[in-house]
Structure formats: C-alpha cells, structure tokens
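Architecture and fold: a report
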Amino acid sequence: MTYSVNIHEAKTHLSRLLERVAAGEHIVISKAGTPIADLVPHRPKSIRFGGMSGELRYDDSAFEVDPEIQSMFYGDDVDSS
C-alpha cells in the first residue's frame, strides 16, 4: 500500500511514518503536490568478499617503488635503493 504525505506532515510525524514503513508500507513525500522522496523498507545487501578471486593477475613488480613517484614525494636527491 502506498501512502502520500506533504513535507510538513512528514517532519511532524516522522516516527509514526517510519513505523509504517517498517511494517511494509511505501510512503511518498511530496512538495506542493509533486513527489520528491520515497520511504521504503530497508533491504540489506549481501557483501561477497573475494568476488574477483582468480580473475586478477599481477607479478611482484607491482609492489616495487616507482622512482618517478618517489621523486615527486621526496625530491630527486633521494637514493632509490
């Protein structure tokens, strides 16, 4: 079920509206009769760690110090060893 409120009513009754949303309702907040926001129940998204496992390749040179970048941070007179 969809319920529509104006901004003033939404500010005044936010706690009550959030209870209705938690119960499954969809609340539309309008300004001058034009819908501007929806209050809908939160749906957590699952997070999958390691989703790119086995798809990315690199060698140890990726972790070597780049002399050009090092000189930008420390100047040209730093030993790059």
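Remember, it's a predicted structure, so these values are computed and weren't measured experimentally. (Residues numbered from 1 in each chain as written. Predicted model: local features only at pLDDT ≥ 70, side-chain atom pairs only at ≥ 80, totals over all residues. Heavy atoms only, no water.)

A word on the side chain of Glu 25. Tracing the sequence through the fold places Glu 25 in the loop between helix H2 (14-22) and strand E2 (26-31). Overall, Glu 25 belongs to the buried group, its relative accessible area being 17%. Side chain to side chain, Glu 25 and Arg 20 meet in a polar contact 2.9 Å long. Residues within four places of Glu 25 in sequence aside, it is in contact with Met 1, Tyr 3, Arg 20, Leu 39 and Pro 41. (Helix = DSSP H or I, 4+ residues; strand = E, 2+ residues; numbered from the N terminus. Buried < 20%, exposed > 50% of the residue type's maximum accessible area, 1.4 Å probe, protein only. Polar contact = N/O pair within 3.5 Å; in protein donor to acceptor, adjacent residues only side chain to side chain. Contact = heavy atoms within 4.5 Å.)

The N-capping residue of helix H3 (residues 67-74), defined by a side-chain oxygen 2.8 Å from the backbone nitrogen of Glu 68, is Asp 66. Just past H3, the residue Gly 75 takes up positive phi, approximately 90 degrees.

One pass over the structure, following the stated rule, counts 1 salt bridge. Of the charged contacts, one joins Arg 20 and Glu 25 as a salt bridge, the two residues approaching to 2.9 Å between their closest N and O atoms. In this structure Arg 20 comes out as partly exposed when scored by relative accessible area, which is 25%. (Salt bridge = Lys/Arg side-chain N within 4 Å of Asp/Glu carboxyl O.)

What follows is about the environment of Phe 63. Looking at the element boundaries, Phe 63 is found in the loop between strand E3 (34-39) and H3. Overall, the relative accessible area of 62% leaves Phe 63 in the exposed class. For the pair Phe 63 and Leu 17, spaced 46 residues apart in sequence, the C-alpha to C-alpha distance is 52 Å.

Strand order in the open sheet made by the 3 strands is E1-E2-E3, with mixed pairing throughout. Of all strands in the sheet, those bounded by a partner on one side alone are strand E1 (2-6) and E3. On average, each strand axis in the sheet is tilted by 30 degrees relative to the strand beside it, whichever way the strands run. Of the pairings in the sheet, the one linking E1 to E2 comprises 5 bridges and is parallel in character. (Pairing = 2+ DSSP bridges. Axes fitted to C-alpha atoms, helices over the stretch in contact; angles between N-to-C directions.)

As a rule of thumb, soluble globular proteins bury nonpolar side chains together. Among the nonpolar cores identified, the biggest contains 7 residues, and these are Val 5, Ala 10, Leu 17, Val 21, Ile 27, Ile 29 and Leu 39. Not counting residues within four places of it along the chain, the set of residues in contact with Ile 27 comprises Tyr 3, Val 5, Leu 17, Arg 20, Val 21, Ala 37, Asp 38 and Leu 39. (Core = buried A, V, L, I, M, F, W, Y, C linked by side-chain atoms within 4.5 Å.)

Next up on the list: the packing of aromatic side chains. Taken as a whole, this structure holds 2 aromatic pairs when the rule is applied. Ring plane angle 80 degrees and centroid distance 5.6 Å describe the contact between Tyr 58 and Phe 63, whose orientation is recorded as edge-to-face. Taken individually, Tyr 58 and Phe 63 each receive the classification exposed, so the pair is uniform in this respect. Between the aromatic rings of Phe 73 and Tyr 74, the centroid separation amounts to 6.4 Å while the plane-to-plane angle is 45 degrees, which identifies the pairing as tilted. With respect to class, Phe 73 is no different from Tyr 74; both count as exposed. Directly above the ring of Tyr 3 sits Arg 20, whose terminal nitrogen or CZ lies 3.9 Å from the centroid. (Phe/Tyr/Trp six-rings, centres within 6.5 Å; stacked < 30°, edge-to-face > 60°. Lys NZ or Arg CZ within 6 Å of the ring centre and 35° of its normal.)

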